[in-house]
Structures are given as C-alpha cells and as structure tokens.
Amino acid sequence: MFGKRNSVLRVGGVTVVAVDSTEPDLDHGQIGRGRYTWIEEEFAAEPSDFNIFVLHHHLLPIPGTGRERNIVHDAGDALECLQRAEVNLVLSGHKHVPYAWKLENLFIVNAGTVSSLRLRGNTRPCYNVIEITDSHVDVWRKYPFHGQERIIQFSVDTLAYEKYTARIEGEVTTRS
C-alpha cells in the first residue's frame, strides 16, 4: 500500500535513506542485518553534505513514555551501522513523543503526531520541521495553529549543539 520497504531520496546535497522497521502484527520492530550493507552502500553511493536515516521505531527509549520498549531489536547494531555510514540525523516517531539526543556524532530526533490522539505524557499534537542551512541544522516542534519551539540546533561540521527542553510552567531550559 505504501510502496517499497526501503527507499532513497537524494536532493540538493542531502541523502535520505528510509527503512520500514515494522513487523507484521507485532509492536516491536527491527532493521535487520540483511539491510546494513544496503544502508551503508546507499549513503556511500553519492557524496552528500548531509545524511538522514528514517525509520518508524526508536533506536533509544523515549523518556516519559512508560515501559522502555518498542526500540528496534537490533538497535545497537543499527547504531553502529549508521555511525559507519556517517549519518548525521536519525528520524523516528513510534511513541508519538517528541524528543532529541546527541549520541556520539549522531543526532536522533523523535517526532510527535498530529494524526492520532494516542498521546503520552504531557505532549500535545505536533510535528517536526527540519531546516538545513549550509552546515547548520534547526529542528522545530510545530503545534498546529499554536506556534512552534526549537527542539535542537547543531552544526554538522563541529557537532556543537544546543538542546531545548520542553516548556514547563512557562520556562524554557537549554543544554549544550
């Protein structure tokens, strides 16, 4: 219904490799060892300024979502594969809770949802917008009809970053 389980998009110096991590009739997912070589080959096929990997499930547990489950079964091996492939940004969204991390030289961003009321914690319906300008990246959390806030910004060249935590009682805190 949605097309191929693996896809590649190359536009303006950005390469996006997407893998369907779902398993029929199961909550958990996996990338699968059989895809690691393909992932690395696709990122290496054409030089890019910025590499993005997309999957449905998480590579890391999402804070504030209850039991720490629903990461892909092969998360450790997948992270190592993405490191070898020189991926800059990993995008996922299974738990519908927006969050961002820096893990070694990877930035991992989870999205919320605007198409489901299955929300966890204190999240509201939202989606992410990624802005890439030269070697600078901004990831914004947008609330339909209610504004936006920056989740994280980082430099691809230096890996310097600033992470913004969720608003709590009118406060915004930052970490770098």
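The structure this text deals with has already been given above.
Residues numbered from 1 in each chain as written. Predicted model: local features only at pLDDT ≥ 70, side-chain atom pairs only at ≥ 80, totals over all residues. Heavy atoms only, no water.

(A) Representation of the environment of I31 within the structure. Along the chain, I31 falls in the loop between β4 (26-29) and α1 (33-45). Sequence separation between I31 and H57 is 26 residues, and the spatial gap between their C-alpha atoms is 9.3 Å. Not counting residues within four places of it along the chain, the set of residues in contact with I31 comprises V19, Y36, I39, F53, L55, L59, V72, D74 and A78. (Helix = DSSP H or I, 4+ residues; strand = E, 2+ residues; numbered from the N terminus. Contact = heavy atoms within 4.5 Å.)

(B) Molecular detail of the sheet that holds strand β7 (residues 99-103). Ordered in space as β1-β2-β5-β6-β8-β7, the six strands form an open sheet in which the pairing is mixed. Across the chains shown, the open sheet's two edge strands, defined by having one partner strand only, are β1 (6-11) and β7. Across the sheet, the mean angle from the axis of one strand to that of its neighbour is 15 degrees, orientation sign disregarded. Bridge count for strand β2 (residues 14-19) against strand β5 (residues 50-54) is five bridges, and the pairing is parallel. What sits directly across from T15, in β5, is N51. This element, α1, spans β1, β2 and β5 of the sheet and lies at about 165 degrees to β2. On top of the sheet, helix α2 (residues 75-84) reaches β5, β6 (89-92), β7 and β8 (106-110); it is set at about 125 degrees to β8, its chief contact. (Pairing = 2+ DSSP bridges. Axes fitted to C-alpha atoms, helices over the stretch in contact; angles between N-to-C directions.)

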